[in-house]
Amino acid sequence: MNTTGPGDKGLRLIPFRGLRYVPERVGSLAAVTSPPYDVVVRPDGLHHLESADPHNIVRLILPQATTPGERHRQAARTLGRWLAEGVLAPDEEPALYVYEQRGGELLQRGVIGALALSAPSDGIVLPHEDVMPDVVEDRAALMRATEANLEPLLLTYRSGGEAAGTADTPEGAGTSGVIARAVRRPPLLATTTEDGFSHRLWAVTDPGDLAEITEDLGHHQALIADGHHRWATYLRLRDEHPAEGPWGYGLVLLVDTARHPLQVRSIHRLLHRLPVGRAVEALSGSFRVRTIESPLAEALDALAEAAASGNAFLLAGDGRFHLVDRPDPDLLARTVPEDRPAAWRALDATVLHATLLDHVWRIPDAPEHIAYIHDTAAAVDKAERDGGTAVLLHPVREEVVRELARQGVMMPRKSTSFGPKPATGLVLRSLTLE
């Protein structure tokens, strides 16, 4: 994001005593990690992670029980037991943590810490998506029960640095300089997860380094790249506790996208109760629909080509793909709200929700009707198995997200998926240790 002026109120990231797995007490660090809670494809992904190691972090972020209250109490009991057994242990002194992810030619580095919470009106941390109240309430209940931040949000800011690409970040001043010096030391932990990404973590405890980060980040604002529901949860819980206590901060990963640009992917929709045939039939006269008898990769190429000149979607669920584009302009004029910027009105997610879901298909945005799935192949597979419709979207450009966030305009929820996302389970934050 744009920097604030010198002396303006900006980001305030403080050290904390990280809770980390004790390597000798688990099968491997890779076996106890997980993607963020909302990326896990349930139940297949959940069962896979649970079976990877009895101490996999998914047992805390997605506990399984018959009622929500029991799920949250179970997570709290599990966390307490792991601490008592020495499966998890706090670091001896507060630290900020330099975190590195590598996958192929991609290199991402950032800093994990406890960030002072602020309202969107303060202009320090800017959301770009709406949230679902029931998800916020569930995450809040889980955090109340465990008294912990179990996984970091992904936030981005922009310095004046050059993009890192595949090369190591050059040493300099500020946060980038601290990161460059830290990665020359042996890491606290190093592991490679199932997706092929390698992860390394370093603790930053030197007072001079901490002061350098504080001074640098104090001139910046950030965009929430991933974790809107958890950020909303942080704000709700802050209002329930003393302002200057540990609940006034939340666990985040801050990445400078001037040096490490993020990838932007779509989050797809799975319509549980709408078969593809009915979905396509309802579009007659309102959209152009073409059937594609090709593999997923080629169908996605066709979606990208169509999306370059207007709204486009790819429907799946019957063993084929149906490319939907060229919406009727009169239909858009009747269904898309006019009180938002043109960039918002033109979003595929806007048209999907305002025109297709609300008007054409008349499907409520509720969990029993719609699931949000990050993995494209998984969305298609589940639609074909369950007899529903997968609606695949093309990613929105990052600059559109940033510009709307600067204007304070919220995109439809689950419009984007920034990545790579931090692995869950490498470092946790206990609110009882501060």
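Quick note: structure is the one above.
Everything in this summary refers to the structure shown in the same document. Per chain, residues are indexed from 1 in the order of the written sequence. Where totals are concerned, whole chains, interfaces and linings use all residues; where local detail is concerned, this predicted model gives features only for residues with pLDDT of at least 70, and gives and counts side-chain atom pairs only at 80 or more. Only hydrogens and water are set aside when side-chain values are computed; all heavy atoms of the structure are taken into account.

## Here's the deal with the side chain of His374
- Where helices and strands are cited, they refer to DSSP runs of H or I of at least four residues and of E of at least two residues respectively, numbered from the N terminus. For His374, the location among the structural elements is in the loop between strand 18 (370-373) and helix 14 (376-386).
- Judged by relative accessible area, His374 falls into the buried class, the value being 13%.
- Identification of polar contacts relies on pairs of N or O atoms within 3.5 Å, with a donor-acceptor requirement for protein atoms, meaning one able to donate a hydrogen and the other able to accept it, and with residues adjacent in sequence counted only if both atoms are side-chain atoms. Polar contacts involving the side chain of His374 include one to the main-chain carbonyl oxygen of Asp38, which spans 3.5 Å.
- Other than its neighbours up to four places away in sequence, His374 contacts Asp38, Val39, Ser266, Ile267, His268, Ser417 and Lys421. The cut-offs for exposure are 20% and 50% of the maximum accessible area for each residue type, with area from a 1.4 Å probe on protein chains only; residues under the lower value are buried, those over the upper are exposed, and the others partly exposed. Any two residues having at least one pair of non-hydrogen atoms within 4.5 Å are treated as being in contact.

## Description of the pattern of salt bridges
- Here, a salt bridge means any side-chain nitrogen of Lys or Arg that lies within 4 Å of a carboxyl oxygen of Asp or Glu. The full count for this structure, using the stated rule, is 26 salt bridges.
- In the salt-bridge network here, residues are joined through shared partners; they are Glu100, Arg102, Arg109 and Arg200.

## A few points about the packing of aromatic side chains
- Side-chain rings of Phe, Tyr and Trp (the six-membered ring for Trp) are treated as a pair once their centres are within 6.5 Å; stacked means planes under 30 degrees apart, edge-to-face means over 60, and tilted covers the remaining angles. One pass over the full model with this rule turns up three aromatic pairs.
- The lysine or arginine in question, Arg139, covers the ring of Tyr37, its NZ or CZ lying 4.1 Å from the ring centre.
- Think of it as a cone above the ring: NZ of Lys or CZ of Arg counts as a charge over the ring if it is within 6 Å of the ring centre and within 35 degrees of the ring normal. Lying over the aromatic face of Trp344, Arg340 brings its terminal NZ or CZ to 4.5 Å of the ring centre.

## Some points on the side chain of Arg269
- Structurally, the position occupied by Arg269 is in strand 14 (residues 268-271).
- No salt bridge forms around the buried Arg269; measuring N to O, its nearest opposite-charge neighbour Asp365 is 6.6 Å away.
- For Arg269, the side chain forms a polar contact with the main-chain oxygen of Ile267, separated by 2.7 Å.
- Excluding residues that lie within four positions of it along the chain, Arg269 makes contacts with Leu352, His353, Ile370, Ala371, Tyr372, Thr389, Ala390, Val391, Leu393, Arg413, Lys414 and Ser415. We score Asp and Glu as negative and Lys and Arg as positive, and we do not count His or the chain ends.

## Here we look at the pairing of strand 17 (residues 321-325)
- Here strand 17 lies mainly inside the structure; five of its five residues are buried.
- Of the two faces of strand 17, the one holding Phe321, Leu323 and Asp325 and the one holding His322 and Val324 are both buried throughout.
- Strands were regarded as paired on the criterion that DSSP finds at least two bridges between them. By the bridge criterion, five bridges tie strand 15 (residues 288-292) to strand 17 in an arrangement that is antiparallel. Looking at strand 17, one finds that Arg290 is bridged to Leu323.

## So, the sheet that holds strand 16 (residues 312-316)
- Here we have six strands laid out as an open sheet, ordered 15-17-16-19-14-18, and antiparallel in their pairing. Bordering the open sheet on either side are strand 15 and strand 18, each of which pairs with just one other strand. Strand after strand, the sheet turns through a mean of 25° between neighbouring axes, direction not considered.
- Relative to strand 17, strand 16 runs antiparallel, the two being bridged by five bridges. Bridge pairing in strand 17 links Phe313 to Val324.
- Taken strand by strand, helix 10 (residues 296-307) contacts strand 15, strand 16, strand 17 and strand 19 (389-392), and its axis lies near 155° from that of strand 16. In this analysis, axes come from line fits to C-alpha atoms, helices being fitted only over the stretch in contact, and the angle between any two N-to-C directions falls in the range 0 to 180 degrees.

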